[in-house]
Amino acid sequence: MAIKKKPKSATKKATVKTKPSAKPKAKKQPARKPQAKKKPAKKKVLKPQVISNPSDFESFAKTFIPYRPNKTEKYMNKSQKKHFISILNAWKEALDSEQEKTEQLIQQDQSNFPDSLDRAAKEEEFMLELRKRERERKLISKIEMSLKDIDDDLYGYCETCGVEIGIKRLEARPTATQCIDCKTVDEIKEKQQFG
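Residues numbered from 1 in each chain as written. Predicted model: local features only at pLDDT ≥ 70, side-chain atom pairs only at ≥ 80, totals over all residues. Heavy atoms only, no water.

Enquirer: For this particular structure, what's the right way to read the overall build of the chain?
Expert: Looking only at helices and strands, the chain features six helices and zero strands. Starting at the N terminus and walking to the C terminus, you meet the elements of the chain as α-α-α-α-α-α. For the chain, buried positions account for 22% of its 195 residues. In the chain, once contacts between residues fewer than 6 apart in sequence are set aside, the share between residues at least 24 apart is 58%. (Helix = DSSP H or I, 4+ residues; strand = E, 2+ residues; numbered from the N terminus. Buried < 20%, exposed > 50% of the residue type's maximum accessible area, 1.4 Å probe, protein only. Contact = heavy atoms within 4.5 Å.)

Enquirer: Any chance you could explain the pattern of salt bridges here in plain terms?
Expert: Side chains that carry opposite charge are capable of pairing whenever their charged atoms lie near each other. Summed over the entire model, instances satisfying the criterion amount to nine salt bridges. Where D153 meets K81, a salt bridge forms, and the shortest distance between an N and an O atom there is 2.2 Å. Of this pair, D153 sits in the loop between α4 (116-151) and α5 (167-172) while K81 is found in helix α3 (residues 78-108), placing the two residues 72 residues apart along the sequence. The salt bridge partner of K101 is E98, with a shortest N-O separation of 3.6 Å. Of this pair, K101 and E98 are both found in helix α3, three residues apart, which corresponds to roughly one turn of the helix. Exposure remark for E98: the relative accessible area of 28% places this residue in the partly exposed category. Several salt bridges converge on common partners, so that one network encompasses E98, K101, E129, R133 and E136. (Salt bridge = Lys/Arg side-chain N within 4 Å of Asp/Glu carboxyl O.)

Enquirer: When you look at the confidence of the model for the chain in this model, what are you seeing that I'm missing?
Expert: Fine structural detail should not be taken from predicted coordinates in areas where pLDDT scores are low. Per-residue confidence for the chain averages 78 on the pLDDT scale, and 67% of its residues sit at or above 70. Put simply, helix α1 (residues 8-11) is where the chain has its lowest mean pLDDT, 52, and helix α6 (residues 180-194) is where it has its highest, 94. Segment residues 43-55: pLDDT under 50, and 20 contacts once partners within four positions in sequence are set aside and those in other chains are kept. (pLDDT = per-residue confidence, 0-100.)

Enquirer: What exactly am I supposed to notice about the environment of C179 here?
Expert: Within the element layout of this structure, C179 appears in the loop between α5 and α6. On the accessibility criterion, C179 (7% relative accessible area) is buried. Distance in space between the C-alpha atoms of C179 and T160 is 8.3 Å, their sequence separation being 19 residues. Residues within four places of C179 in sequence aside, it is in contact with C158, C161, I165 and R169.

Enquirer: I keep staring at the nonpolar core and nothing clicks. Help me out?
Expert: What tends to happen in soluble globular proteins is that the nonpolar side chains get buried as a cluster. Ranked by internal contacts, the top residues of the largest apolar core, which has 21 residues, are F84, I143, Y155 and L170. For this core, the elements supplying multiple residues, two or more each, are α3, α4 and α5. Those residues within four positions of Y155 in sequence are excluded, and the remaining contacts are M76, F84, L88, S146, D149, I150, L170 and P174. (Core = buried A, V, L, I, M, F, W, Y, C linked by side-chain atoms within 4.5 Å.)

Enquirer: Even after reading the chapter, I still don't get α6, so can you show me in this structure?
Expert: Two residues of an α-helix separated by three or four positions point the same way, owing to the 3.6 residues in each turn. With 15 residues, α6 should reach 21 Å at 1.5 Å per residue; the first-to-last C-alpha distance of 21 Å fits that figure. Positive backbone phi, at 80°, marks G195, one or two positions downstream of α6. (Expected span 1.5 Å × (residues − 1).)

Enquirer: Got a minute to help me understand the packing of α3 against α4 in this structure?
Expert: For any two helices packed against each other, one specifies the crossing angle of their axes together with the interaxial distance. Where α3 meets α4, the axes come as close as 10 Å, and the angle between the chain directions of the two elements is 155°. Taken together, α3 and α4 sit at an angle that is classed as roughly antiparallel. As α3 packs across α4, the resulting crossing turns out to be left-handed. Tallied by class, residues from the contact of α3 with α4 come to 13 nonpolar, four polar and nine charged. (Axes fitted to C-alpha atoms, helices over the stretch in contact; angles between N-to-C directions. Parallel < 35°, antiparallel > 145°, perpendicular 65-115°, else oblique. Left-handed = near helix turned anticlockwise from the far one by under 90°. Nonpolar A, V, L, I, M, F, W, Y, C, P; charged D, E, K, R; others polar.)

Enquirer: Mind showing me how you'd approach the side chain of T102 here?
Expert: Its place among the elements puts T102 in helix α3. With a relative accessible area of 5%, T102 lands in the buried category. At 3.0 Å, the side chain of T102 forms a polar contact with the backbone oxygen of E98. Not counting the four nearest positions on each side in its chain, T102 is found in contact with E129 and R133. (Polar contact = N/O pair within 3.5 Å; in protein donor to acceptor, adjacent residues only side chain to side chain.)

As structure tokens, then:
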């Protein structure tokens, strides 16, 4: 059986060009009015937090909101003083409660230990605790001095040069009595004297 070949012209299909379908004309939309500029939203000013239970210093520290002064606000005005009084009182109350806990702990653990090693370990633990409480006692006196300085309108100013200490520095260390420059100079002098 012989296969007959079709001529080349017969195998090509004729291509027919079609016009693209006409799209319906879109209606013109009326010109938009220019939008009025939106006023920027007012920033929410957070007021300093007053502590309801000042002895709960850890929860206060977790929810602490730093003070944000206005540009026109005077340094160490009433609201700033109130902010720092709440911080200092919370700190003092927390330290006082820790002192009481230590006293109770030492009184409760005054038991006789049959083993001398156990007794020595417990006494060493008490000594470390008492050293810590002694540092805290000194800190309490500094806090009381800071509270007195607030009453005398001296709080927030460097005792050496009289410059403003700054709110951020005072929030980091509420008992600070020197600006950062004077404190740096004092530390350098101490290193030179004592090595």
